[in-house]
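These are the residues of each chain, in order.
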Amino acid sequence: MTHIKVPQDRIGAIIGPQGSVKKMIEERSTATLNIDSENGTVEVIAGDDPVGGMRATDVIQAIGRGFNPDKTYIFFDDDLMMLEVIDLSQTASTSKELLRLKGRIIGKGGKTREIIESLIGIKMSVYGKTVSAIGHPDQILIVRTAMDMLIGGATHGAVYSFLEKKKQDLMRSQLDSY
C-alpha cells in the first residue's frame, strides 16, 4: 500500500471523465485506488500484480506532475519507463527566478520543450515548481543534463547542440543493441 500526495487541481485528472482514468489505471495494474480529494492523497493498494501496483504509483505521480493521463499509460507497456522530477525551487530563490527558469525550459511558444521531447524521444511536463520527464534511464540522464545546462545559464544553442550529439549517441546504441 502506497500513499501519494497529489496537488488538489490534479485529482480530477486522476479520476477522469466519469471515473475513466481511475478505472483504466485499476484495470491495467490490478491495484485499487482510494482517492481522497479533500486531502489530495491517493492510496494505491496493490492487487494480484505487485509490479502493476508500482506502475500505478508511477502513473499517478506523473499525472500529479501535470502529464496528460494518456501520456502516462506507457508505464504499463514498458518496464524500463521511469519518471524523473526535478524540483526547480531548489535552484530558484524567488518566484520571479522560478518563472524565468520555467520560461527557459519551455522556450518561446514551447519550442525548447518540443525540441527536447522530439530529439530525445521523451515526454516532458513543466508544472508548479517542477520539471518532469518520462523516458528510459539513458534518455532521463540526457534530459537531466540538459535541464542542468539551462538552469545553469547555458545558451539554448549550446543545449540544442548537446541534445543533437546525444540523439546520435542514442541512435548508435539502439543500432548496436540489434
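Please read all numbers here as calculations on a predicted model, not as lab measurements.

Asker: Honestly, the overall build of the protein in this entry has me stumped. Any pointers?
Answerer: Across its full length, the protein carries nine helices and six strands. Its C-alpha atoms give the protein a radius of gyration of 17 Å, within 12% of the compact-globule value 16 Å for 178 residues. Structurally, the protein occupies a C-alpha span of about 50 × 45 × 25 Å along its principal axes. Within the protein, buried positions represent 43% of all 178 residues. Considering only contacts within the protein whose residues lie at least 6 apart along the sequence, 58% involve residues at least 24 apart. When the accessible surface of the protein is totalled, it reaches about 9,500 Å², and 53% of it is carbon and sulfur.

Asker: Would you take a moment to explain unusual backbone geometry for this structure?
Answerer: With glycine set apart, most residues show a phi of negative sign, and most peptide bonds adopt trans. Phi at Gln-18 takes a positive value of approximately 50°, unusual for a residue other than glycine. Checked against the element boundaries, Gln-18 lands in the loop between helix H1 (11-15) and helix H2 (20-29). Its identity is not glycine, yet Thr-30 carries a phi of approximately 65°, on the positive side. Judged by its relative accessible area of 36%, Thr-30 is partly exposed.

Asker: What should I look at first to understand the sheet that holds strand S5 (residues 123-127) in this one?
Answerer: The pairing of strands in a sheet happens through backbone hydrogen bonds and is either parallel or antiparallel. If you trace the three strands from one edge of the open sheet to the other, you get S4-S6-S5, paired in antiparallel fashion. Of all strands in the sheet, those bounded by a partner on one side alone are strand S4 (82-87) and S5. On average, each strand axis in the sheet is inclined to that of its neighbour by 15°, with strand direction left out of account. Bridge count between S4 and strand S6 (residues 130-135): six bridges; the pairing is antiparallel. Counted as the bridge partner of Leu-83 is Ile-134 from S6.

Asker: Help me out: how do you make sense of the packing of aromatic side chains in this one?
Answerer: Any pair of aromatic rings gets described here by the distance separating the centres and the angle formed by the planes. Scanning the entire structure with this criterion turns up zero aromatic pairs. Lying over the aromatic face of Tyr-127, Arg-10 brings its terminal NZ or CZ to 5.9 Å of the ring centre.

Asker: Is there a simple way to think about the UniProt feature "domain: K Homology" (unreviewed entry) in the protein in this case?
Answerer: Mapped onto this structure's residue numbering, the UniProt feature "domain: K Homology" (unreviewed entry) falls at residues 1-65 and 82-152. This span, residues 1-65, is 46% helix and 22% strand, and a straight line between its end C-alpha atoms measures 21 Å. Across residues 82-152 one finds 52% helix and 24% strand; the C-alpha atoms that close the span lie 24 Å apart.

Asker: Please explain the pairing of strand S2 (residues 32-36) as it appears in this structure.
Answerer: The side chains of a regular strand alternate, residue by residue, between the two faces of the sheet. Note: S2 against strand S3 (residues 41-45), five bridges, orientation antiparallel. Opposite Asn-34, over in S3, you have Glu-43 as the bridge partner.

Asker: In this structure, what is going on with the pattern of salt bridges? I would like to understand it.
Answerer: Proximity of charged atoms lets side chains of opposite charge pair with each other. Throughout the structure, instances matching the rule amount to 10 salt bridges. Salt-bridge contacts for Arg-28 lead to Asp-77; the nearest nitrogen and oxygen are separated by 2.3 Å. One end of the pair, Arg-28, is in helix H2; the other, Asp-77, is in helix H5 (residues 74-77), with 49 residues separating them in the sequence. Accessibility expressed as a relative area gives 33% for Arg-28, which makes it partly exposed. Salt-bridge contacts for Arg-55 lead to Asp-58; the nearest nitrogen and oxygen are separated by 2.8 Å. You can see Arg-55 and its partner Asp-58 sitting in helix H3 (residues 50-64), three residues apart, about one turn around the helix. Side by side, Arg-55 and Asp-58 carry an identical accessibility label, which is buried. Connected through salt bridges with shared partners, the residues Lys-165, Lys-166, Asp-169 and Arg-172 form a single ionic network.

The rules behind the values
Residues numbered from 1 in each chain as written. Predicted model: local features only at pLDDT ≥ 70, side-chain atom pairs only at ≥ 80, totals over all residues. Heavy atoms only, no water. Helix = DSSP H or I, 4+ residues; strand = E, 2+ residues; numbered from the N terminus. Rg over C-alpha atoms; globule rule 2.2 N^0.38 Å. Buried < 20%, exposed > 50% of the residue type's maximum accessible area, 1.4 Å probe, protein only. Contact = heavy atoms within 4.5 Å. Areas by Shrake-Rupley, 256 points an atom, 1.4 Å probe, with all protein chains shown as cover. Pairing = 2+ DSSP bridges. Axes fitted to C-alpha atoms, helices over the stretch in contact; angles between N-to-C directions. Phe/Tyr/Trp six-rings, centres within 6.5 Å; stacked < 30°, edge-to-face > 60°. Lys NZ or Arg CZ within 6 Å of the ring centre and 35° of its normal. UniProt positions renumbered as here; feature names shortened; annotations may be inferred. Salt bridge = Lys/Arg side-chain N within 4 Å of Asp/Glu carboxyl O.

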